[in-house]
Amino acid sequence: MEKVKIYSRFERFWHWTQMMLILLLIITGFEIHGTFEAFGFETSVRLHSAAGWAFLILTIFAIFWMLVTGQSRQFVPVRNNIKSQIMYYISGIFKKEPHPVKKTADSKLNPLQRIIYFGLIILVFPVQLITGFSYLFFHYPDKPFAFEGLEAIAVLHTLGAFLLVAFVLAHFYLITTGHTITSNLQAMITGYEELEEETETATN
């Protein structure tokens, strides 16, 4: 095994900031929806709005970074090894079988991760931002959760929120699927991950 630099400082900053913002948006969003009480309605509205703006700014910087550095290629879906990756998560991982797709600095995501992150970047995040800001500017602060004329937007935004909750739960589980239970987490903290030496020159 060899320690390889996988994640840059910006990637780690982007990951952890995005995760904190998503968690804050989920908590405050469901409180605004009336699901539970956490910060109080008015505070949650302010936090949700601020987190939404912060998420938008972070996304703009992330897109710029991906285009400038060429890292956008990491999120382009591929056809290779999709079935083997699914079977690995269904059964192979429990049998301690080797991972079907080797991770390298040039190929950080497996085929299923590419599809999921591509869907988030292209569909879920834009829908959440567009519906969220539409709802914000049309309704706050006078009518905090009235549906008049914007019911479809509210439903889409709520559906997107449930998709993000599902993603976060799956993400927490997949953190534990590295070669050790904490290796993926450590890699996103330090930037370095222990990989087999031959994977440094491996290709998909």
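About the cut-offs
- Residues numbered from 1 in each chain as written.
- Predicted model: local features only at pLDDT ≥ 70, side-chain atom pairs only at ≥ 80, totals over all residues.
- Heavy atoms only, no water.
- Helix = DSSP H or I, 4+ residues; strand = E, 2+ residues; numbered from the N terminus.
- Buried < 20%, exposed > 50% of the residue type's maximum accessible area, 1.4 Å probe, protein only.
- Contact = heavy atoms within 4.5 Å.
- Areas by Shrake-Rupley, 256 points an atom, 1.4 Å probe, with all protein chains shown as cover.
- Axes fitted to C-alpha atoms, helices over the stretch in contact; angles between N-to-C directions.
- Parallel < 35°, antiparallel > 145°, perpendicular 65-115°, else oblique.
- Left-handed = near helix turned anticlockwise from the far one by under 90°.
- Core = buried A, V, L, I, M, F, W, Y, C linked by side-chain atoms within 4.5 Å.
- UniProt positions renumbered as here; feature names shortened; annotations may be inferred.

*Asks:* In this structure, what is going on with the overall build of the chain? I would like to understand it.
*Replies:* On a plain count of helices and strands, the chain comes out with six helices and two strands. Counting helices and strands in the order they occur from the N terminus, the chain gives β-α-α-α-α-α-α-β. The proportion of buried residues among the 204 residues of the chain is 37%. Taking all contacts inside the chain whose residues are at least 6 apart in sequence as the whole, residues at least 24 apart take part in 69%. Summed over its atoms, the accessible surface of the chain is roughly 12,300 Å², and 68% of this surface lies on carbon and sulfur atoms.

*Asks:* Sorry, what's going on with the packing of helix 1 (residues 9-32) against helix 2 (residues 41-69) here?
*Replies:* To characterise two packed helices, one gives the angle between the axes of the helices and the distance between these axes. One way to put it is that helix 1 packs onto helix 2 with a least axis distance of 9 Å and a crossing angle of 150°. One finds that helix 1 runs roughly antiparallel with respect to helix 2. In the packing of helix 1 onto helix 2, the handedness of the crossing is left-handed.

*Asks:* Help me out: how do you make sense of the nonpolar core in this one?
*Replies:* In summary, soluble globular proteins display a tendency toward joint burial of nonpolar side chains. Core analysis: the largest hydrophobic core is formed by 26 residues, its most contacted members being Trp14, Phe55 and Leu120. Elements with a contribution of two residues or more to this core: helix 1, helix 2, helix 4 (111-139) and helix 5 (151-174). Ignoring anything within four residues of it in the chain, the contact list for Phe55 reads Gln18, Leu21, Ile22, Leu25, Phe125 and Leu129. Val4, Tyr7, Met188 and Leu195 belong to the second-largest nonpolar core, a separate cluster that totals six residues.

*Asks:* Help me understand unusual backbone geometry in this model?
*Replies:* Peptide bonds are, in most cases, trans, and in most cases residues other than glycine have a negative phi. A positive phi angle is found at Asn81, which is not glycine, with a value near 65°. Along the polypeptide, Asn81 turns up in the loop between helix 2 and helix 3 (82-90). We note that Lys96 has phi near 60°; this positive angle belongs to a residue other than glycine. Its place among the elements puts Lys96 in the loop between helix 3 and helix 4. The class of Lys96 is exposed, set by a relative accessible area of 76%.

*Asks:* Quick question: what am I supposed to make of the UniProt feature "transmembrane region" (unreviewed entry) in the chain here?
*Replies:* Per the UniProt record, "transmembrane region" (unreviewed entry) is found at residues 12-30, 50-68, 115-140 and 152-175. From the first C-alpha to the last, residues 50-68 spans 27 Å; its make-up is 100% helix and 0% strand. A distance of 34 Å separates the end C-alpha atoms of residues 152-175, which is 96% helix and 0% strand.

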